[in-house]
Amino acid sequence: MSDTHAHSVAFVRTQDVPMAPPPSNAAGPAKWVKDNLFATPLNGLLTLVALYFIYAILSSALPWILGGIWNAPSLAACRDILDGASAACFAVLSERWNQLLFGFQYPDDQYWRPGLAFILLFIAAAPVLFFDLPRKLLAFTAIYPFVAYYLLWGGTIFVPILALVGVAGGFMVYQRLVAGSFAAGFFGGIAAAFVIWIIGGWLIPDDASANAMLPAVPSRYMGGFMLNMMLGVTCVSLSVPIGIALALGRQSSMPLIKWICVIFIEFIRGVPLITLLFVANVMLAYFFPPGSGVDLFLRVVIMITMFSAAYIAEVIRGGLAALPKGQYEAADSLGLDYPQAMRLIILPQALKISIPGIVNVAVGLFKDTTLVSVISMFDLVGMIRGPILASTEWNGVYWELFGFAALLFFIVCYGISQYSQWLERRLATDHR
Amino acid sequence: MAEHATQMQVSDEIAITINKMNKWYGTFHVLRDIDLTVNRGERIVICGPSGSGKSTLIRCINALEEHQQGTIEVDGTLLSSDLKNIDKIRSEVGMCFQHFNLFPHLTILENCTLAPIWVRKTPKKEAEETAMHFLEKVKIPDQAMKYPGQLSGGQQQRVAIARSLCMRPRIMLFDEPTSALDPEMIKEVLDTMIELAEEGMTMLCVTHEMGFARQVANRVIFMDAGQIVEQNEPEEFFNNPQSPRTQLFLSQILGH
């Protein structure tokens, strides 16, 4: 048919006519500017006002930042170099860099230890955060807490090994008993771990730390941004599982468990974190056996973890409440028992709904770690307010130091927020 | 077809016995003195006005609802508050819901293999083969890797049936399986249920599909105000209802 057509018609175009470009006012940057910046007279006016403000801020901030001095021994020297010009004195950052990151008491020649622990943190966190990675990497995640403890605190290697053996032993007892009942496995596992720790505690000689490969560093020497990271990472990773347990406990049909969880959550949420930190600093020692000398770092971790666990529990409870009742019924009708239904059906969905809320709490918690500065722990803010601003060299350098602190926290918190958005997209299966 | 269906074998073996069962929601008496015996291979359709307790009745059979008086015995296991018995009964009794209740975070295949793997401890490969077998049976094997949200309502309900069948249940409960579906999808679900009935599955269906009842059921039960008012073979039930309440109900749903 096409043949006859081609012969009988004088001209048949064999190629498509190329598409004509749209008029310049219907596409391209000109259209974008018109639609978004100058759509109406008011819109145009606001655009101009906004541009003026951006110009005003940048024109004074950029010279201040770009003209900053990076090399000077003190604020006075800095001012001499500037000679009346207005510019930043970032020299305080370069001069006190190690103090800002590690605190002022951590031994200078041991800075590689927290540095290494920080790098290993990424390797340990990767398989948890990105579940497409091979599952075998989780083995490293499991031993990371012990490795990190050994790197940061040093001392005898028997302590982290004993802790690891205790956890492993507890886990084995749990697996042996859990077939019978979950409660038996849970409490049996905890009991087994404690037995191992106590017996092991007797076996480790008191002077084991004396000639340790890594010299022991006491907790009160920890400081700077390292302390914020240590508190943030430990407390977030502990408070998520505890928060899940509290949320499930609050829904429990067993009144005792339910009321313990409700009272815990409501009490903790009703008390300011700063109060809890003072309690950790002063009063918590009364709750431990005399002479046990539980570390201030550990006491603070306990308090911050309890605080954020209560908030996370409420966020997850919201996620649980958002699930249709049919999901519980479908899981029940298939014969799944309670732990299976929770683990396989309910929690994956409830946690997915709760991601924005959990991340909100995690980001807030990470920033709240700076509150430890009021109980005389020298975290990043504590270092700035204490040793650095109080020194004769750097008295009066506020913008540069607090700007730096803000930048560090912003980088971490923005990273967490971006991760959570990626996670939400990755888990989306509803195809709306 | 109808002839064929009613000729299907009903054995003398008893599948479910319900004896003087009563249930209250708070002070509201939902189910009153229910007595019901279901033989293996029976296809029972339960109908009645809304609020008559028909859904509650079949939900009591797999303990999604708790009854307060009387006994329920499923496959020789007495339904009590003992969790072991409840789990045993639930793994023998399949259920399809009005709103499908597929697990939206799992693929169709995972929906079907989850319970066999975790409850029956079937090896994953075997569970997947079984799942594909039943997905083929409900005619959607090509959707196995999709998520429930990507399927139509009728397809979702057929997946829900396949998911229940993967546990190889001896009894199937259907709680208004077609009520949430668009009209053109009702048939595909009913066809699947008819096929299942022809294979001799013991079925209890709460439904308003009277065509299905005529074609498949060997007994129709009419419930009102928490009581079983009347039960009979479908022909007798539809042509010669005894109780005035049944007559009124049938005139309302068949009248238009």
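Predicted model only: the values in this text are computed from it and were never measured.

Basis of the calculations
- Residues numbered from 1 in each chain as written.
- Chains lettered and ligands numbered in written order.
- Predicted model: local features only at pLDDT ≥ 70, side-chain atom pairs only at ≥ 80, totals over all residues.
- Heavy atoms only, no water.
- UniProt positions renumbered as here; feature names shortened; annotations may be inferred.
- Helix = DSSP H or I, 4+ residues; strand = E, 2+ residues; numbered from the N terminus.
- Axes fitted to C-alpha atoms, helices over the stretch in contact; angles between N-to-C directions.
- Parallel < 35°, antiparallel > 145°, perpendicular 65-115°, else oblique.
- Left-handed = near helix turned anticlockwise from the far one by under 90°.
- Contact = heavy atoms within 4.5 Å.
- Nonpolar A, V, L, I, M, F, W, Y, C, P; charged D, E, K, R; others polar.
- Pairing = 2+ DSSP bridges.
- Phe/Tyr/Trp six-rings, centres within 6.5 Å; stacked < 30°, edge-to-face > 60°.
- Buried < 20%, exposed > 50% of the residue type's maximum accessible area, 1.4 Å probe, protein only.
- Disulfide = S-S within 2.5 Å.
- Arc of directions from axis to C-beta.
- Buried area = accessible area lost by both parts, 1.4 Å probe.
- Salt bridge = Lys/Arg side-chain N within 4 Å of Asp/Glu carboxyl O.
- pLDDT = per-residue confidence, 0-100.

**Things to note about the UniProt feature "domain: ABC transporter" (unreviewed entry) in chain B**
Inference 1: Under the local residue numbering, the UniProt record ascribes the feature "domain: ABC transporter" (unreviewed entry) to residues 16-250 of chain B.
Inference 2: From the first C-alpha to the last, residues 16-250 of chain B spans 27 Å; its make-up is 39% helix and 26% strand.

**A closer look at the packing of helix α6 (residues 153-165) of chain B against helix α7 (residues 183-198) of chain B**
All names here are of chain B.
Inference 1: Between α6 and α7, the least distance of the axes is 8 Å, while the angle of their chain directions is 20 degrees. By the angle between their directions, the pair α6 and α7 is classed as roughly parallel. In the crossing of α6 with α7, the sense of the turn from one axis to the other is right-handed. Where α6 approaches α7, its residues Gly-153, Gly-154, Gln-155, Gln-157, Arg-158, Ile-161 and Leu-165 are matched on the opposing element by Met-185, Glu-188, Val-189, Thr-192, Met-193 and Leu-196.
Inference 2: For the contact of α6 with α7, a count of residues per class yields six nonpolar, five polar and two charged.

**Details of the sheet that holds strand β10 (residues 227-232) of chain B**
Residue and element names in this part refer to chain B.
Inference 1: The sheet built from six strands is open, its strands ordered β6-β7-β8-β3-β9-β10 with mixed pairing. In the strand order of this sheet, the two ends are held by β6 (93-96) and β10, each with one partner. Strand after strand, the sheet turns through a mean of 20 degrees between neighbouring axes, direction not considered.
Inference 2: Sitting on the sheet, α7 touches β3 (43-47), β7 (171-175) and β8 (202-206), and the angle it makes with β8 is about 150 degrees.

**Topic: the environment of Pro-324 of chain A**
Inference 1: Inspection of the secondary structure assignment puts Pro-324 of chain A in the loop between α14 (296-322) and α15 (325-333).
Inference 2: Residues Pro-324 of chain A and Ile-346 of chain A, 22 residues apart in the sequence, show an inter-C-alpha distance of 9.9 Å.

**Concerning the packing of aromatic side chains**
Where two aromatic rings form a pair, the distance of their centres and the angle of their planes describe that pair.
Residues and elements named next belong to chain A.
Inference 1: Counted according to the given criterion, the structure contains 24 aromatic pairs over all chains.
Inference 2: Centre to centre, the rings of Trp-97 and Phe-404 are 5.7 Å apart; their planes meet at 55 degrees, and the pair counts as tilted. Placement of Trp-97 in helix α6 (residues 97-102) and of Phe-404 in helix α18 (residues 398-427) is noted, with a sequence separation of 307 residues between them.
Inference 3: Assessed through its relative accessible area of 39%, Trp-97 is described here as partly exposed.
Inference 4: Of the residues examined, Phe-404 reaches a relative accessible area of 9% and is grouped as buried.
Inference 5: Note on Phe-140 and Tyr-144: the rings are 6.2 Å apart at their centroids and 55 degrees apart in plane angle, and the pair reads as tilted. With Phe-140 and Tyr-144 both in helix α8 (residues 138-153) and four residues apart, the pair spans about one turn of that helix.
Inference 6: Overall, Phe-140 belongs to the partly exposed group, its relative accessible area being 23%.

**What about helix α3 (residues 83-92) of chain B?**
Inference 1: Among the residues of α3 of chain B, those classed as buried are Ile-86, Ile-89, Arg-90 and Ser-91 of chain B.
Inference 2: Those residues of α3 of chain B that are buried lie in contact with α15 of chain A together with α2 (54-61), β4 (69-74), β5 (77-78) and β6 of chain B.

**Focus: the side chain of Thr-178 of chain B**
Inference 1: Among the structural elements, Thr-178 of chain B can be located in the loop between β7 and α7.
Inference 2: Look past the residues within four positions of Thr-178 of chain B in its chain and what remains in contact with it is Ile-186, Val-189, Leu-190, Thr-207 and Glu-209 of chain B.

**Side note on the state of the cysteines**
Inference 1: Inspection of every chain in the model, using the stated rule, returns one disulfide over all chains.
Inference 2: Shown here is the disulfide that connects Cys-78 of chain A with Cys-89 of chain A, its sulfur atoms set 2.0 Å apart. Residues Cys-78 of chain A and Cys-89 of chain A are joined through a disulfide that is right-handed, its torsion about the S-S bond being 120 degrees. You can see Cys-78 of chain A sitting in helix α4 (residues 75-82) and its partner Cys-89 of chain A sitting in the loop between α4 and α5 (91-95), a full eleven residues away along the chain. Considered together, Cys-78 of chain A and Cys-89 of chain A belong to a single accessibility category, that of buried residues.
Inference 3: Lacking any disulfide linkage, Cys-47 of chain B is separated from the closest cysteine sulfur, that of Cys-205 of chain B, by 11 Å.
Inference 4: For Cys-47 of chain B, a relative accessible area of 0% translates into the label buried.
Inference 5: We note that Cys-166 of chain B lacks a disulfide partner, and the nearest cysteine sulfur, in Cys-112 of chain B, lies 4.5 Å from it.

**Some remarks on the sheet that holds strand β1 (residues 14-25) of chain B**
Residues and elements named next belong to chain B.
Inference 1: Strand order in this open sheet of four strands is β2-β1-β4-β5, and the pairing throughout is antiparallel. At either margin of the open sheet sits one strand with a lone partner, and together these are β2 (28-39) and β5.
Inference 2: Where β4 lies against β5, two bridges are found, and the strand directions are antiparallel. If you follow Glu-73 over to β5, its bridge partner there is Leu-78.
Inference 3: Running over the sheet, α2 touches β1, β2 and β4 and is turned about 120 degrees from β1.

**Points about helix α13 (residues 273-283) of chain A**
Residue and element names in this part refer to chain A.
Inference 1: Here α13 has its buried residues at Leu-273, Leu-276, Leu-277, Val-279 and Ala-280. Down the axis, α13 shows its buried residues gathered within 155 degrees of arc, on one side only.
Inference 2: On the buried face of α13, the contacting elements are α12 (255-269), α14 and α16 (338-368).

**Comments concerning the interface of chain B and chain A**
Often, the extent of an interface is quoted as the loss of accessible area on bringing the components together.
Inference 1: Listed by partner, the interface residues are 24 residues for chain B and 21 residues for chain A.
Inference 2: When chain B packs against chain A, the two sides together hide about 2000 Å² of surface, and 62% of this comes from carbon and sulfur.
Inference 3: Area buried by chain B at its contact with chain A is led by Phe-103, His-105 and Trp-118 of chain B, which between them contribute 28% of it.
Inference 4: Taken together, chain B and chain A are joined by two salt bridges.
Inference 5: Broken down by secondary-structure element, the contributors of at least two residues to the side of chain B that touches chain A are α3, β6 and α4 (108-118) of chain B.
Inference 6: Its residues placed into classes, the side of chain B that touches chain A shows 13 nonpolar, six polar and five charged.

**Quick look at the confidence of the model for chain B**
Close inspection of predicted coordinates is inappropriate for parts of the model with low pLDDT.
Inference 1: For chain B, the average pLDDT comes to 88, and 96% of its residues sit at 70 or higher.
Inference 2: Across residues 1-6 of chain B the pLDDT falls below 50, and counting only partners more than four positions away or on other chains, this stretch makes ten contacts in the model.

**Quick word on the pattern of salt bridges**
Residues and elements named next belong to chain A.
Inference 1: Within the structure shown, the criterion is met by 24 salt bridges over all chains.
Inference 2: The salt bridge partner of Arg-317 is Glu-314, with a shortest N-O separation of 2.9 Å. One end of the pair is Arg-317 and the other is Glu-314, both in helix α14 and three residues apart, which spans about a single turn.
Inference 3: What emerges from the salt-bridge pattern is a single network uniting Arg-250, Glu-266, Arg-269, Glu-314 and Arg-317.

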